[in-house]
Amino acid sequence: MIKGSIPALVTPFKNGAVDLDTLKKLVDWHVAEGSSGLVPVGTTGESPTLSHEEHEAVVEATVKFAAGRVPVIAGAGSNNTVEGIRLIQHAERVGADAALVVTPYYNKPTQAGLIAHFTALHDCCTLPIIIYNIPGRSVVDMSPETMGELAKLPRIIGVKDATGKIERVSMQRASCGPEFIQLSGEDATALGFNAHGGTGCISVTANVAPRLCAEFQAATLAGDYRLALELQDRLMPLHEAIFIEPGLAGAKYGLSLLNRCSQDVRLPLVGLTDGTKDRIKAAMRFAGLIN
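Only a predicted model underlies this, so the values are computations on that prediction, with no experimental measurement involved.

About the cut-offs
Residues numbered from 1 in each chain as written. Predicted model: local features only at pLDDT ≥ 70, side-chain atom pairs only at ≥ 80, totals over all residues. Heavy atoms only, no water. Axes fitted to C-alpha atoms, helices over the stretch in contact; angles between N-to-C directions. Helix = DSSP H or I, 4+ residues; strand = E, 2+ residues; numbered from the N terminus. Parallel < 35°, antiparallel > 145°, perpendicular 65-115°, else oblique. Left-handed = near helix turned anticlockwise from the far one by under 90°. Contact = heavy atoms within 4.5 Å. Buried < 20%, exposed > 50% of the residue type's maximum accessible area, 1.4 Å probe, protein only. Pairing = 2+ DSSP bridges. Right-handed = clockwise from strand over helix to strand, strands pointing away.

Points about the packing of helix α10 (residues 225-242) against helix α12 (residues 274-287)
Across the interface, α10 lies against α12 with an axial gap of 8 Å and an inter-helix angle of 165°. Judged by the inter-axis angle, α10 sits roughly antiparallel to α12. For the pair α10 and α12, the crossing hand works out as left-handed. When α10 is examined against α12, the residues D233, R234, P237, L238, E240, A241 and I242 are found in contact with a partner set consisting of T276, R279, I280, A283, M284, F286 and A287.

Following this line, the structure appears as structure tokens:
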């Protein structure tokens, strides 16, 4: 079962190009720190600015570097169904364990369109699919009823829910069944999410604090909410600071303070302002990640 702390991996760059050597080191570090899965080339992996060739290279490399130690859930979303089919079939060919598929952004399909899109992706391969519902970015919200229809398909196995609406977990348990995997897509609300029945988080903060995030998730899954709350208190300033500006830029800056990745991002994103850098440094000190 896919559960626990699953970093939405950044894509490291060196001189403007994808840096696979650093990616390997990141994968090894995340496994050693207790992360229970990896998501390459989601939004945090700067998928909008990667070429198709780069996208596929990062997924293939992550599968190779993980070497079966943790599941790899390949980012394979697009607002073009044909392109999504290409990406998910590639992920299947190179050995990914599942695919993360975002609701189509910008073109705003209806609920019927969402069902048709995800059904086409489901039918084109044999990979398990996790729906990524993030209306703040895609400007379309998959309703619990629509998700319940899709959950009837054998390989639609779960959702990364970034709505920020804690009650959605209970609503989706009702529409999709209690075995449907529900992963938070919002670090700050992961505590309440799991209390409602979630089983993990596809996390941005886990890029920077993989061990703390893994311990936090393990505590919630063991029902130890006293420990989970203590860890949440340590992590909360970092959750907030990383997202003052685009989260992936915040994550890369945090990783640069740990000497694990450059802070380089691709346009139209730019580096962080000094004020945000100061907030991230302070939050990392508070969490005990740096001196």
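Describing unusual backbone geometry
In this chain, L267 is followed by P268 through a cis amide linkage whose omega measures 15°. On the secondary structure map, P268 appears in the loop between α11 (247-257) and α12. A positive phi angle is found at N15, which is not glycine, with a value near 55°. Within the secondary structure layout, N15 lies in the loop between β2 (13-14) and β3 (17-18). The backbone of A67 sits at a positive phi, close to 50°, despite the residue not being glycine. Residue classification places A67 among the exposed residues on the basis of a relative accessible area of 59%.

Considering the sheet that holds strand β4 (residues 73-75)
Within a sheet, neighbouring strands are paired by backbone hydrogen bonds and run either parallel or antiparallel to one another. Here seven strands make up an open sheet; going across it, the order is β1-β9-β8-β7-β6-β5-β4 and the pairing parallel. The two strands at the open ends of the sheet, each matched to only one other strand, are β1 (4-7) and β4. Sheet twist, expressed as the mean angle between neighbouring strand axes with direction ignored, is 30°. In the sheet, β4 pairs with strand β5 (residues 98-102) via three bridges, with the strands oriented parallel. Bridging across to β5, G75 finds its partner in L100. Along the sheet, helix α4 (residues 111-123) contacts β5, β6 (129-133) and β7 (156-161); its crossing angle with β5, the most-contacted strand, is approximately 160°.

Looking at the pairing of strand β9 (residues 200-203)
Here β9 shows no split at all, with G200 and I202 on one side and C201 and S203 on the other all buried. When β1 meets β9, the two strands line up parallel, connected through four bridges. Residue pairing in the sheet places P7 in a bridge with S203 of β9. Bridge count for strand β8 (residues 181-184) against β9 is two bridges, and the pairing is parallel. Paired with S184 across the bridge in β9 is C201. What joins β8 to β9 is helix α8 (residues 190-195), and the crossover it makes is right-handed.

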